[in-house]
Structure formats: C-alpha cells, structure tokens
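This is what each chain is made of:
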Amino acid sequence: MTDTPIDKAVQRTPEGISRRIRGLSDRAIAWIFVAPTIFLLLAVNIFPLIWTIRLSFTNFRVNRPNNDVEWVGLRNYQRILTDPDIWNTMQATAHFLIWTIILQVLIGFALAFLINKKFKGNDLWTTIIVFPMMLSPAVVGNFWTFLYQPQIGLFNYVIAFFTGADPASFSMIGDVHLAPWAIIIADTWMWTPFVMLICLAGLRSIPDSIYEAAECDRASKWRQFWTITIPMALPFLMLAVLFRGIENFKMFDLVVQLTGGGPGNTTTLTSIDLKREAFEKWRTGYSSAYAVILFVTVFGLASIYVKALNKVKER
Amino acid sequence: MKTKLMMTAATSAMLVSGLSAAAMAEDLTLCWAAWDPANALIELSKDFEAQSGHTMSFEFVPWTSFADRMLNELNSGGQLCDLMIGDSQWIGGGAENGHYVKLNDFFAANQITMDDFIPATVTGYAEWPKNTPNYYALPAFGDVVGWTYRKDWFERPELQSEFTETYGRPLSVPATLAELKDIAEFFQGRDIDGTTVYGAAIYTERGSEGITMGVTNALYNYGFQYENPEKPYDLEGFVNSDGAVAGLEFYKSLYDAGSPPGSSNWYMGENIDAYRSGQVAMQMNFAFIWPGVEADENVGGGKSGYFPNPAGPAGQFAQLGGQGISVVAYSDKQDAALEYIQWFAQPEVQAKWWELGGYSALKAVVEDPGFATSQPYAQTFLDSMAIVKDFWAEPAYADLLISMQERLHNYVIAGDGTAKEALDGLVRDWTEVFEDEGKL
C-alpha cells in the first residue's frame, strides 16, 4: 500500500462521503467545487446589478422607507441625459482621464526605458520610483494639499523659483483653471510608477536577439526603437492604458481629499457626483440610473478597447 | 446565631439587589461628531455611569463625514447608536422617517419642560414641525457662528493709527459686515512680525456644508429669506431678493479681497489652523472653538477677542449650529437611553457641562448672573444665540443643502456667473426638490 498525501487524504475521508463521491461524475464533482464561487458571484455582483437596474426605473429613496415606491419608467434616464450639469461632470471626467493617461503613459514608458538600461543602483532607483503607488490615495491627497498651499506649499515655491512669480499669487486647488491640472499632477505622480512597471515587463519581454539582428542590419537606435521596441511593447502599453482608464473613470478618494470637487464643480468627477446623488441626496432610483449609465459606458468602451488590444496582440 | 442569621440575610439581600442592578445595567452607545465638545461629554458622562450603573460607549465621526456615516446608520435602521446627537437639520427627517423617538410623553412624565431651554435651541434642535410642540430631541449643545479676532494686533498703536488714517474710525470690533470687510482688507497681505498675514478665514468648503454655513451669515443680514413668511415654500423673490443678491456679492468680495490665498475649501478645522498659526487677523467659526482658542498658547490667554456676526443692512443674524440629543428608535435600550436624557437635563449636570466646555442651552445656566463673565467668550455666546437663524430642517434638507453648496461655490469660489444667476438657480433647484417632495 502506498503512503502518498493523496492516499492519506482518501483514507481519512469518512466512508459515507467517499461512497457518495464515488458515484459522482467528474462533471458533477467539478460543479460541486465551482458552485460556491458561482453562488458568491451571483450574490455579490449579479444580484446587486439586476437590483440596481430595477431600482433605476423607480423613484425609490432609501431614506424614505415609508414612502410608496412608484414605477417612473425612463424618467430618471431622461433627466440624467438632459442635465447640463451631468454633462459638465462627464467633461471634467474625460479631461482628467485623457490627460492622466497621456502623461502617465509618456512618463511611465520613458522611465521604464531608462530603468531597463543596466546601470549601478538600478534596483534602488526602481524602488524609489515605485514608492508613490504604495501610498494610500487619501494620504497622497492630504500631502498634495499641503504641497499646493500658496503660503507654505513646496509646489508653489518651485514654480515661483523658476518663473519669478509670487508663490502666494496663485492657488492650484482654488483656481478654476488650475484645479483640473492639480488633480492630474497628483494622480500622475502617484500612478506613473504603475504604468512604468507594466512597460518594464513589456520591454524585458523583448528578446535581445531581435536587437542583435537589427544591429547586424545596421539599423539605427532610432529605427530600432520605432520598429522593434514600440510595436513589441504596444500590447503592454495598451494594457496599462486599460487599467488606468478603468481606475481613473472611478477616481474618487484622491480628488475628494484634494479639492472636494471644487472650485465650484470644476473637479467634480462622475464618481463624486454619483456618490452625492446616492448617499447625500439619497435619490436611490435616480442614482441607480446614473450608475447604470456609467456602467454601460465603461463596459462598452472597455469591450471595444479589449477587442483592439487582442487584434494588436495577434499581429 | 441570630446575628449570623441576620448577616446571612443581609448578604443575600445585597447580592439580590446587586444582581438585579447588574441585570438592568446596559451598555449605551452615544453617537456624535468627533470634536472637542465630544471629549468633554465623555468626561461628563462618567457621572452618569457612576450614578446609573450603565456604561457608556461613544462613536465619534469627523464632521466632514459625520452626516454621511450617521444618516446611513439611521436610514438602514442600524442599532449602533442608542443615543444620537444629530445635527439640527436632521430633525425633520429623524421625525418623519421614524428614526427618533418622540419625547413628549417622556418629558411630561419627568417634568422636563422646553420652557427651561433657550427658545432658539428648542426650535432649532428639538421641534418638528417647527414651532409646534412636538419634540424629538433635548437641546444638547448650543452653537452659533461667530467671529474670533486678534485683539493683540488690533491694539497695536501703529496699526491703530494707520487704520484710523485710512478709514476714519478706530480699529475695533466691527459693528457691520461692511466694517468687517474693511478690517479684512486692511490686514490682507500685511507684514506682522516678519510674517505675511491675511484678513479673515471664512467658510468656503465644498463637500459637506461649509460654504452654506458661512454665506448665510451674510445672506440673512442683507435680506435673504428661505421662503415667503405668508406662504410656505414660496421662494421666488425671497431666496433671490435684491438683498440676498447683495449679501452673496458681499461674501464673494470678502473672499476675493480679505481671505488667505488658497482658502478655497476651508471649514472649521482649516479656519482654526489658520488662526492659531497666526495667518489671519479674524476667523469665522462656530462658538465651540472658543474654549480651545482661549487655551491655546499662541493665540489664547487674552490675545484673542470674540464678537457676534456683525449686522448688515437688513438686520443682525447668525447661522445656528448645535445639536439636540435624541433616542434612536431602532435601539433596544431605549429605557436606559431615556434615563441618560433625564440625567443630562438636570440643571447641575448642565452647569458642569458648561464648565467642561460644552455649551449648555439650559436657561438656568446661561441666565445665571455669573455666566456672562464666567469666560471671555460667554457674553458673545449669549449675544450670538439671541440672533440665530437656521437652514432648512425639512426631511429633504440634504438635497436642499447640496444644491446650495453647489450654487454658492460655483459663484463665490469659481467665479461662475453672477450672484443673481446663482440664487435664481437655487430657487429652481429648491422648487424642484419641494415638487418632488409633494410640497408644491
């Protein structure tokens, strides 16, 4: 008789259970293992989604449990899609999303390209660069608030040092023109290392032999960069864009900490607006419709993007 | 033998009474904001624990997330809190949605009368509907927006003479909002002891209720009214009257010309920090901060003075703060919670509450002959409580507040549109809310 761990486990299984299992097919056993996960997924993800869709057609307010819940059809959707304030919020979100992605991809890729070179202290620099993404967004929001302080903030002093302007003459988080850039800068500082790591993985996956062959063909470094590095790292870059896009579409904590959505509504992103509707105004039906619209938008865009990503990978 | 028997009987009786007391002892949880007065309440409640045998636990949440956290708790029928010191604006929702226990019968049975409390606090913290004898809370903490100023700076001869030369009057506590703005402008960007200082720290916060709690101090005094006094929920011409527009323009001009750069999202905490660190000559803030100012080594001990919100062309009013204490309807320890309220309402407990830094709303405390001189800010507190006005306390107060926050911040801080457009927009928002509520 063998004495492997599996045999031991079989021996320890009570006779009743082992008899029952012996009569089950492989498929049935697989279902037994998968069922808890599927049940959990249904309970945690699918059921709330269906419930939210149902609520989005009602005037339900969670803070008025005694009120009658009326079926309002598409009224919530119509109100949201015709509300100019919500379109302004969408615009602010798009501005934030586009610029953070552009900056993070450019800077992240450049850093990855530099870090990919072999030099002394490479590991130390990688650790230092990655440090911001290890912090909590609330902490980052808090200390950038201090950095942006016109009287004592380091950021204003640095800008003043290079431009000669009075540090107290501008307020990054209090000015309608500067506040959208204030949140972009803070987010870029925090999440560029993440993009860098993905790009670094992409760059390190390119075999040296391809570059050696290019050298033999007397291809310039510039040409190698555009015809080898970029195309081969592109799927990784696109993956980074996908991750950052989804993450920043639901950006909340950092911006709330930095600007609270202000000045005015300048930095009120959709997630902040949705939270106000759902948990401050308690318009549950309305905010459910809002959430459904955002979900469809993100899901739709992400699906199109993933298809494009797969095509790039197939090339 | 007889003695032994008696001792046994006595011991048994003690044990039985002890056990019955232990069986009745509850662990009560009181929910409030995390701020200085909450610490004073912990101290005060030790007496209750000693007297009643109940134990007290506390759940304190920072102001910026207090409403979110606690309203979530109430709306979900949570049993975390047995006692809630909820904001004054919650009283309508607390009453109509059944979150708070109605206290009329309890007050009647225990000889607690609302006539014993400052009238404004009864209306503001306890009654729903307003001005009707239906009570859902006991006034717990009187609070009001007032001003703190650097008395030591105001008294400097060189500043006195320069101010008098410029404005033709001495540098002193402002009697009007216009005078306050002059003083703020006078200090703005001034060098004092080698440090650049600014005029006044005012409320500008966007996320919760900050800018509304600040701007109303100008709006009320320039003629803003929440509704037509003759016709409830009739807003046009009252919310956006010429006076209200002038009040909003005044606040913006004060922000633009007299507040520290970068103070675009400031509320209680930021104002306190700016004042304590010597950045500003004046700060707008709720009265609860005054004991802390007095005790502060930089600005306390006679360096600071206090004054009520100055008058405007339409009168002198100040934004009411403060809270009442309610029994949460979902608590299964309501008897013990009511016991706490009964204990808290006693005059001697209220007197100790004031001593510890809590602002009692009991007339017996504030009308005591020694009260006005008991602290440097006591008279200002009394004067301020006499001129209070409060925000809507409707069940839909949050919708009304968020609209106001947005409209005010857009105009005052972001400089978007005109004051008239902001208030016209507010009328539209509020009308929509009241229509949704079925009140229009």
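Our structure is the block above this text.
Values in this document were obtained by computation on a predicted structure and should not be read as measured data. (Residues numbered from 1 in each chain as written. Chains lettered and ligands numbered in written order. Predicted model: local features only at pLDDT ≥ 70, side-chain atom pairs only at ≥ 80, totals over all residues. Heavy atoms only, no water.)

S.K.: For this particular structure, what's the right way to read the side chain of K252(B)?
M.R.: Residue position: K252(B) is located in helix α11 (residues 242-258). Leaving out residues up to four positions away in the same chain, K252(B) has contacts with Y411(B), V412(B) and G415(B). (Helix = DSSP H or I, 4+ residues; strand = E, 2+ residues; numbered from the N terminus. Contact = heavy atoms within 4.5 Å.)

S.K.: How do you make sense of the state of the cysteines when you look at a structure like this?
M.R.: All names here are of chain B. This model, assessed by the stated rule, comprises 1 disulfide over all chains. Across a sulfur-sulfur distance of 1.9 Å, C31 and C81 are joined as a disulfide pair. Handedness of the C31-C81 disulfide follows from its S-S torsion of about -90°: it is left-handed. In this pair, C31 sits in strand β1 (residues 27-33) while C81 sits in the loop between α3 (63-75) and β3 (83-87), placing the two residues 50 residues apart along the sequence. There is no split in this pair, since C31 and C81 are both buried. (Disulfide = S-S within 2.5 Å. Buried < 20%, exposed > 50% of the residue type's maximum accessible area, 1.4 Å probe, protein only.)

S.K.: For this particular structure, what's the right way to read the nonpolar core?
M.R.: Nonpolar side chains tend to gather and get buried jointly when the protein is soluble and globular. Residues W32(B), F187(B), M282(B), Y340(B), F344(B) and W430(B) are the most contacted members of the largest nonpolar core, which totals 154 residues. Shared between two domains, this core takes at least three residues from each, and those domains are domain 1 (27-143 + 321-389) and domain 2 (145-319 + 396-436) of chain B. (Core = buried A, V, L, I, M, F, W, Y, C linked by side-chain atoms within 4.5 Å. Domains from an automatic or database assignment.)

S.K.: Would you mind going over the interface of chain A and chain B with me for this structure?
M.R.: As a measure of interface size, the accessible area lost when the parts come together is often cited. With 30 residues of chain A at the contact, the number on the chain B side is 29 residues. Roughly 2,500 Å² is buried in total at the junction of chain A and chain B, and carbon and sulfur atoms are behind 39% of that figure. On the chain A side of the interface with chain B, the three residues burying the most area are R64(A), Q151(A) and W282(A), jointly 21% of the side's total. Where chain A meets chain B, there are 4 salt bridges. A salt bridge links D436(B) to R79(A); its shortest N-O distance comes to 3.5 Å. At the boundary of chain A and chain B, one finds 11 residue pairs in polar contact (both at pLDDT 80 or more). Ranked by residues supplied to the side of chain A that touches chain B, first place goes to helix α13 (residues 270-279) of chain A with 3 residues. (Buried area = accessible area lost by both parts, 1.4 Å probe. Salt bridge = Lys/Arg side-chain N within 4 Å of Asp/Glu carboxyl O. Polar contact = N/O pair within 3.5 Å; in protein donor to acceptor, adjacent residues only side chain to side chain.)

S.K.: Explanation requested: the packing of aromatic side chains in the structure shown.
M.R.: The geometry of two aromatic rings is summed up by the distance between their centres and the angle between their planes. Applying the stated criterion across every chain, the model contains 71 aromatic pairs over all chains. Ring centres of Y306(B) and Y377(B) lie 5.8 Å apart, and the angle between their planes is 80°; on these two criteria the pair is classed as edge-to-face. Placement of Y306(B) in strand β9 (residues 304-308) and of Y377(B) in the loop between α16 (363-366) and α17 (378-385) is noted, with a sequence separation of 71 residues between them. For Y306(B), a relative accessible area of 9% translates into the label buried. Over the face of the ring belonging to W51(A) we find R54(A), whose NZ or CZ atom lies 4.7 Å from the ring centre. Its guanidinium or amino end placed over the ring of F186(B), R190(B) lies 3.9 Å from that ring's centre, counting from NZ or CZ. (Phe/Tyr/Trp six-rings, centres within 6.5 Å; stacked < 30°, edge-to-face > 60°. Lys NZ or Arg CZ within 6 Å of the ring centre and 35° of its normal.)

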